[in-house]
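# What the coordinates show
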Amino acid sequence: MRSTGPAWPYILPFAVFMAFTFAGGTWKDYYPQSYALKTVIVAILLWVCWRYYTRVRWTHIGWGVGFGVLGVIQWIGMEKLLMSQDWLNWTRMSRDIQADAFRPHEFFETQFAMWSFIAIRWAGASLLVPVMEELFWRDYLWRSIASPNDFHLHDVGEYDKTAFFVVPLVFATVHPQWLTAIVWALMIGFLLLKTRSIGACIIAHGLTNFLLGAYVLFAHHVLKWDEWYFW
């Protein structure tokens, strides 16, 4: 069944999230505060707006888990391959993505403060971002591209060639590792077409982000590698 709700509930949480992301990237001394604030505010917005969204189908969970694991392998593997070649610097928005990375152990004076932020960062990336982004990218934007006059006229997960390729391109504009992001988004677009389930896409997105956080922390604390640019 098609929903007939407005577009702004899809746009507003994403816009607020991006505004805080821009602020945190511009004024780096306030990055932890900006991340904590956007996590809380966007969570509240999603809760307030939830009744306006097309009902999320929590089906094909196994597919979501599989693509989530595949996604983190693709993201880390592809980015490491690209970074191993200096001539491929054009595949990232920043020429020195390692220098731009936020390292909690260098910012906070106490272990408690550091791990408190890491907990918020990990929870935000694993639980909040997947819901907000999948509602925006593969629910609202996908259908808006397919049916510009009224996105509700296009069902969730219904195939549209333009949307399938354009959504990953737009998705990449808000990710520094833009080429890696395009490939990942194409994978999630395929998952959406296969399952027609935003719920499966949320699971995949959340698991990829969760495992990416686990990898970064394991790399730093156990392997003594500096992989914070993945986070």
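As the structure is a prediction and not an experimental result, all values here were calculated from the model.

## What about the overall build of the chain?
Regarding its fold elements, the chain presents 9 helices and 0 strands. Going from N to C terminus, the chain has its helices and strands arranged as α-α-α-α-α-α-α-α-α. Against the 2.2 N^0.38 benchmark of 17 Å for 231 residues, the chain shows a C-alpha radius of gyration of 18 Å, consistent with a compact globule. With the C-alpha coordinates aligned to their principal axes, the bounding extent of the chain is approximately 50 × 40 × 30 Å. Looking at the chain as a whole, 50% of its 231 residues qualify as buried. By sequence separation, contacts in the chain at least 24 residues apart represent 74% of the contacts at least 6 residues apart. For the chain, the accessible area works out to roughly 11600 Å², and carbon and sulfur atoms hold 68% of it.

## Comments concerning empty space enclosed by the protein
Under the counting rule described, the total for this entry stands at 1 cavity of 30 Å³ or more. Computed from the structure, the largest cavity encloses a volume of approximately 30 Å³. Around the largest cavity sit Pro9, Tyr10, Pro13, Phe14, Leu46, Tyr53, Met132, Leu135 and Phe136, which together line it. Of all the elements in the fold, those that place two or more residues in the lining of the largest cavity are α1 (8-26) and α6 (111-146). Considering every element that reaches the lining of the largest cavity, the biggest residue donor is α1, with 4 residues. Of the residues that constitute the lining of the largest cavity, the class distribution is 9 nonpolar, no polar and no charged.

Calculation rules
- Residues numbered from 1 in each chain as written.
- Predicted model: local features only at pLDDT ≥ 70, side-chain atom pairs only at ≥ 80, totals over all residues.
- Heavy atoms only, no water.
- Helix = DSSP H or I, 4+ residues; strand = E, 2+ residues; numbered from the N terminus.
- Rg over C-alpha atoms; globule rule 2.2 N^0.38 Å.
- Buried < 20%, exposed > 50% of the residue type's maximum accessible area, 1.4 Å probe, protein only.
- Contact = heavy atoms within 4.5 Å.
- Areas by Shrake-Rupley, 256 points an atom, 1.4 Å probe, with all protein chains shown as cover.
- 1 Å grid on protein atoms, 1.4 Å probe; cavity = no way out; pocket = protein on both sides within 12 Å on 5 of 7 lines; lining within 4 Å.
- Points joined across faces, edges and corners; volume = space filled by probe spheres on them.
- Nonpolar A, V, L, I, M, F, W, Y, C, P; charged D, E, K, R; others polar.

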